[in-house]
Amino acid sequence: MRRRVVITGMGVITPLGHSVAEMFRALVEGKSGVGPISRFNARRFPTTFAAEVKDFDLGRWVRDAGRWSDCGVNTHFALAAAQQALQDAGLVEGESPAVDRTRFGVYLGSGEGIQDFHNLMSLIGENYRRASRDVDVPSFARDGMARFHAGREAEQELHTTPAHVAQEFGLEGPNFNCLTACAASAQALGEAAEMIRHGDADLMLSGGSHSMIHPLGLTGFNLLTALSTFNQAPEKASRPFDATRDGFVLGEGAGMLVLEELEHAKKRGATIHAELTGYGSTADAFRVTDSHPDGRGAIACIRGALKDAGLSPSDVGYVNAHGTSTQVNDKVETLAIKNVLGEGAYRVPVSSTKSMLGHMIAAAGATELIISVVAMREGVLPPTINYEVPDPECDLDYVPNAARAKRVRHVLSNSFGFGGQNISLVASRF
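**Comments concerning the overall build of the protein chain**
Consideration 1: Across its full length, the protein chain holds 13 helices and 16 strands.
Consideration 2: Counting only C-alpha atoms, the protein chain reaches 70 × 55 × 40 Å along its principal axes.
Consideration 3: A total of 430 residues make up the protein chain; the buried ones form 60% of that total.
Consideration 4: Excluding contacts between residues fewer than 6 apart, the proportion of contacts in the protein chain whose partners are at least 24 apart in sequence is 77%.
Consideration 5: Entry remark: accessible area of the protein chain is about 16,900 Å², with carbon and sulfur atoms responsible for 52%.
Consideration 6: One finds the centroid of the 41 positive side-chain charges in the protein chain at a distance of 3 Å from the centroid of its 49 negative side-chain charges.

**Let's talk about helix α2 (residues 73–88)**
Consideration 1: Across its 16 residues, α2 extends 22 Å between first and last C-alpha, which sits within 8% of the 22 Å expected from 1.5 Å per residue.
Consideration 2: Burial runs high along α2: 13 of the 16 residues are buried.
Consideration 3: Following α2 by one or two positions, Gly-90 has its phi on the positive side, about 70°.

**Considerations on the pairing of strand β1 (residues 5–13)**
On any regular strand, side chains alternate: one points to one face of the sheet, the next to the other face.
Consideration 1: Across the 9 residues of β1, 9 count as buried, placing the element largely inside the fold.
Consideration 2: Judged from the 8 bridges that link them, β1 and strand β9 (residues 252–261) form a sheet pairing that is antiparallel. Bridging across to β9, Gly-11 finds its partner in Met-256.
Consideration 3: In terms of strand pairing, β1 meets strand β10 (residues 274–283) through 2 bridges, oriented antiparallel. Of the residues in β10, the one forming a bridge with Ile-7 is Ala-274.

**Observations regarding the packing of helix α7 (residues 184–197) against helix α13 (residues 364–378)**
Consideration 1: Two numbers describe how α7 lies on α13: the axes approach to 5 Å, and their chain directions differ by 70°. When the interaxial angle is binned, α7 and α13 end up roughly perpendicular. Note on element contacts: α13 touches α7 through Ala-364, Gly-365, Ala-366 and Leu-369, opposite Ser-185, Ala-186 and Leu-189.
Consideration 2: Taken together, the residues of the contact of α7 with α13 break down into 5 nonpolar, 2 polar and no charged.

**Some details on unusual backbone geometry**
In most cases, non-glycine residues show a negative phi, while peptide bonds are predominantly trans.
Consideration 1: Residues other than glycine seldom take positive phi values, yet Thr-225 does so here, at roughly 55°.
Consideration 2: In this structure, Thr-225 sits in the loop between α8 (215–223) and β9.

**Examining the packing of aromatic side chains**
Consideration 1: Tallying each qualifying case throughout the model produces 7 aromatic pairs.
Consideration 2: Their ring planes at 85° and their centres at 5.2 Å tell us that Phe-56 and Phe-77 sit as a pair that is edge-to-face. Linking Phe-56 in the loop between β3 (49–50) and α2 with Phe-77 in helix α2, this pair joins segments that are 21 residues apart in sequence.
Consideration 3: Relative accessible area serves as the criterion here: at 23%, Phe-56 is assigned to the partly exposed category.
Consideration 4: On the basis of relative accessible area, Phe-77 is assigned to the buried category, the value being 2%.
Consideration 5: Seen from their ring centres, Tyr-387 and Tyr-398 are 5.8 Å apart, and the 50° between their planes marks the pair as tilted. Taken together, the residues Tyr-387 in the loop between β13 (380–381) and β14 (404–405) and Tyr-398 in the loop between β13 and β14 connect sequence positions 11 residues apart. The exposure classification of Tyr-387 matches that of Tyr-398, with both residues buried.
Consideration 6: Among the aromatic residues, those joined into a ring-pair cluster are Phe-221, Phe-248 and Phe-418.
Consideration 7: A cation over an aromatic ring shows up here: Arg-239 above the ring of Phe-230, its NZ or CZ 4.5 Å from the ring centre.

**Some points on the pattern of salt bridges**
Consideration 1: What the rule picks out here adds up to 23 salt bridges.
Consideration 2: Of the charged contacts in the structure, one is a salt bridge between Asp-202 and Arg-3, with a shortest N-O distance of 3.1 Å. Taken together, the residues span a long stretch of sequence, with Asp-202 in the loop between α7 and β8 (203–211) and Arg-3 in the segment before β1 at a distance of 199 residues.
Consideration 3: Residue classification places Arg-3 among the partly exposed positions, given a relative accessible area of 23%.
Consideration 4: Residues joined in a network through salt bridges with shared partners are Arg-2, Glu-194, Arg-197 and Asp-308.

**Observations regarding helix α6 (residues 160–169)**
Consideration 1: α6 sits mainly inside the fold: 8 of its 10 residues count as buried.
Consideration 2: Here α6 has its buried residues at Thr-160, Thr-161, Pro-162, His-164, Val-165, Ala-166, Glu-168 and Phe-169.
Consideration 3: In the core, the buried residues of α6 are packed alongside α2, β4 (104–110), α5 (150–154), β7 (175–177) and β8.

**Some words on the nonpolar core**
Consideration 1: Membership of the largest hydrophobic core comes to 48 residues, with the highest contact counts inside it found for Ile-7, Met-10, Leu-257, Leu-259, Leu-369, Ile-370 and Leu-425.
Consideration 2: Mapped onto this core, the elements with two or more residues apiece are β1, α1 (20–28), α7, β9, β10, α12 (354–357), α13 and β16 (421–428).
Consideration 3: It is α13 that contributes the most residues to this core, 9 residues altogether.
Consideration 4: When neighbours within four sequence positions are excluded, Ile-7 is seen to be in contact with Leu-257, Val-258, Leu-259, Thr-271, Ile-272, His-273, Ala-274, Leu-369 and Val-373.

**Digging into the environment of Arg-4**
Consideration 1: Mapped onto the fold, Arg-4 is located in the segment before β1.
Consideration 2: With a relative accessible area of 40%, Arg-4 lands in the partly exposed category.
Consideration 3: Distance in space between the C-alpha atoms of Arg-4 and Ile-196 is 8.1 Å, their sequence separation being 192 residues.
Consideration 4: When neighbours within four sequence positions are excluded, Arg-4 is seen to be in contact with Glu-260, Glu-261, Leu-262, Glu-275 and Phe-430.
Consideration 5: A polar contact of 2.8 Å, which involves the side chain of Arg-4, links it to the side chain of Glu-275.

Conventions used here
Residues numbered from 1 in each chain as written. Predicted model: local features only at pLDDT ≥ 70, side-chain atom pairs only at ≥ 80, totals over all residues. Heavy atoms only, no water. Helix = DSSP H or I, 4+ residues; strand = E, 2+ residues; numbered from the N terminus. Buried < 20%, exposed > 50% of the residue type's maximum accessible area, 1.4 Å probe, protein only. Contact = heavy atoms within 4.5 Å. Areas by Shrake-Rupley, 256 points an atom, 1.4 Å probe, with all protein chains shown as cover. Lys, Arg positive; Asp, Glu negative; His and termini not counted. Charge placed at Lys NZ, Arg CZ, Asp CG, Glu CD. Expected span 1.5 Å × (residues − 1). Pairing = 2+ DSSP bridges. Axes fitted to C-alpha atoms, helices over the stretch in contact; angles between N-to-C directions. Parallel < 35°, antiparallel > 145°, perpendicular 65-115°, else oblique. Nonpolar A, V, L, I, M, F, W, Y, C, P; charged D, E, K, R; others polar. Phe/Tyr/Trp six-rings, centres within 6.5 Å; stacked < 30°, edge-to-face > 60°. Lys NZ or Arg CZ within 6 Å of the ring centre and 35° of its normal. Salt bridge = Lys/Arg side-chain N within 4 Å of Asp/Glu carboxyl O. Core = buried A, V, L, I, M, F, W, Y, C linked by side-chain atoms within 4.5 Å. Polar contact = N/O pair within 3.5 Å; in protein donor to acceptor, adjacent residues only side chain to side chain.

Quick look at the structure:
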């Protein structure tokens, strides 16, 4: 028999709160975390809004916060959410029963680190030669060596965040990071669970952290025409499954979970929030930005997660959708859900919490699994807000505009990323 994996700790930093309880309460109340961008002057961009994390203070969560001053917010958010998850699991070093730290690993889906945008653009401007219309590279290199910061440059590497988390909390087991776009933290959770199942670890701190709310991130997504440009009412911009949807809204933050082998958790008397029973992973192998129009990757992914969990389609009680609010994603995800769940799909509540949190990119999947687990535990399903104009091609029950009381035993959380990476996770009541 394979080793069973349970969830014993959860923590978040989001645009709607800096704890799981605060975030979930805001979601149930249908609040939006979207507003005008305050981090930089975005007035000349086609999109001028995002879902930013507000009033964040790393010093509230970790000792000697100043030692992380050269890190990006991806690491700051990860450290804070990790502290919450470990505290929730009763695993804060020095305050908990001893566990083998060499069997306690880290697997994150964390995005790129700090962007030294001001120095980069300033140096390009100062070394631009109008006559030849190019940059004087030797001069740029000389000035860059004097002005760029070695530590901050290193923070752009993707391995740094899990390394910092391991260092801060003394986690000496396997250490990995993956960045499969919007599916990253969901994939990290699935792979972390596999490590526990196969006996390579007893516990894994897993999840994701990301922010692309910076000029380069906004530029890239605007060039792809993927972002909503509903600047007149930012809080209504994220409209998943609505016929008038015009793109997604950038969000940011972190979601972290402690995954643990069942018998290990029982032995130390841990509180078990849920069991992670199913993991599916596929690739569309189609296009960099678009899902396959027939939903073949998403369909296979959901089927794979249910098979891994040993469940039939009729067992699914709630779906937390990827639900980005783009025309293609919402249509294809609806198609995939209907294909797998059959006629029963019309009886299963589906909601997109991106309507309130925005799209947290690499951190989205882990945060949405946490939401799914709390919804199952509390018997309350969060809504899809801003759902006003039905789309004939999106005809499921999207829990429109108001939370709903419903007890469920199994939840499905989908994460479908740019590049065609598909991840589905199943969590079950324990």
